Amino acid sequence: MSVTVSLFSRHRTVSSHCGNMFRAVIRLSASGARSLARSRPCYSAPLASRCYSHGKVETDEEFDSRWVTYFSKPDIDAWELRKGMNTLIGYDLVPEPKILDSALRACRRLNDLASAIRILEAVKDKAGPHKDIYPYLIQELKPTLAELGISTPEELGIDKLSFDV
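This is a predicted model, so every value here is computed, not measured.

*Asks:* How should I be thinking about the nonpolar core in this particular structure?
*Replies:* Across soluble globular proteins, nonpolar side chains have a tendency to be buried as a group. Of all hydrophobic cores here, the largest spans 24 residues; its most connected members are Phe71, Leu88, Leu104, Ile119, Leu120, Leu145 and Ile150. Broken down by secondary-structure element, the contributors of at least two residues to this core are α2 (60-71), α3 (78-90), α4 (97-109), α5 (113-127) and α6 (133-148). Setting aside residues up to four positions removed in sequence, Leu88 forms contacts with Phe63, Trp67, Phe71, Pro95 and Ile99.

Here it is in structure tokens:
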């Protein structure tokens with residue numbers, strides 16, 4: 001049994017099996033679209049909570065000690081200093097004065113004044129809207145800064161933008 005279908009004035013013979021399949025696809029897609037429009041998604045799967053960290057939790061003192069040790073290495077080079085500071089500044093915290101003290105001493109060992117000033121600028125930026133953190137850090141670091149001969153960005157006048165040349 002065959003069905004004749006007219007397409008653009010041409011006659012084409014299609015087997016009834018293909019015609020039935022075509023009709024079934026149209027019927028299923030139309031009823032499927034209607035059922036999607038009517039139904040609301042129902043999520044019954046329970047939410048699973050996962051614990052991804054199986055390692056030991058580091059205390060604040062251990063964290064500080066690890067970074068003081070890192071910056072106190074006698075053979076630290078400029079790349080390691082920058083890498084350490086980038087990693088440290090990437091954390092969601094403002095480094096403790098003892099960590100900054102060891103980082104500034106590493107800058108002095110490397111004779112790198114620019115990195116020391118960048119560290120102070122990064123810490124000021126990291127303190128963000130908390131205006132009391134940076135003055136506290138400078139107060140705590142004042143003896144170290146004086147001993148090492150490092151001026152703060154404010155003392156150098158580079159803390160404000162100047163467009164007058």
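*Asks:* How should the pattern of salt bridges be read in this particular structure?
*Replies:* Note on pairing: side chains with opposite charge can pair once their charged atoms come close. The final tally for this structure, using the stated rule, is eight salt bridges. Between Glu62 and Lys56 there is a salt bridge; the shortest N-O distance is 2.9 Å. Residue classification places Lys56 among the exposed residues on the basis of a relative accessible area of 69%. Notably, a salt bridge pairs Arg105 with Glu147, separated by 3.1 Å at the nearest N-O pair.

*Asks:* What exactly am I supposed to notice about the packing of aromatic side chains here?
*Replies:* Describing an aromatic ring pair means giving the distance of the ring centres and the angle of the ring planes. All told, the structure shown has six aromatic pairs when counted by the stated rule. When the centroid spacing of 5.5 Å and the interplanar angle of 65° are considered together, the rings of Phe63 and Tyr91 count as edge-to-face. You can see Phe63 sitting in helix α2 and its partner Tyr91 sitting in the loop between α3 and α4, a full 28 residues away along the chain.

*Asks:* For this particular structure, what's the right way to read unusual backbone geometry?
*Replies:* Among all residues except glycine, the phi angle is most often negative; among peptide bonds, the trans geometry is most common. The phi angle at Asn111 is positive, at roughly 55°, despite the residue not being glycine. Here Asn111 shows up in the loop between α4 and α5. Residue Asn111 is classed as exposed on the basis of its relative accessible area, which comes to 61%.

*Asks:* Got a minute to help me understand α3 in this structure?
*Replies:* Each turn of an α-helix holds 3.6 residues, which means side chains three or four residues apart point in the same direction. With 13 residues, α3 ought to run about 18 Å at 1.5 Å a step, and its terminal C-alpha atoms sit 18 Å apart, in line with that. The set of residues buried in α3 consists of Leu81, Gly84, Met85 and Leu88. All buried residues of α3 fall inside an arc of 95° around its axis, so they share one side. Facing away from the buried side of α3 by more than 90 degrees, the exposed set consists of Trp79, Asn86 and Gly90. Those residues of α3 hidden inside the fold are in contact with α2, α4 and α5.

Each value, and the rule that gives it
- Residues numbered from 1 in each chain as written.
- Predicted model: local features only at pLDDT ≥ 70, side-chain atom pairs only at ≥ 80, totals over all residues.
- Heavy atoms only, no water.
- Core = buried A, V, L, I, M, F, W, Y, C linked by side-chain atoms within 4.5 Å.
- Buried < 20%, exposed > 50% of the residue type's maximum accessible area, 1.4 Å probe, protein only.
- Helix = DSSP H or I, 4+ residues; strand = E, 2+ residues; numbered from the N terminus.
- Contact = heavy atoms within 4.5 Å.
- Salt bridge = Lys/Arg side-chain N within 4 Å of Asp/Glu carboxyl O.
- Phe/Tyr/Trp six-rings, centres within 6.5 Å; stacked < 30°, edge-to-face > 60°.
- Expected span 1.5 Å × (residues − 1).
- Arc of directions from axis to C-beta.

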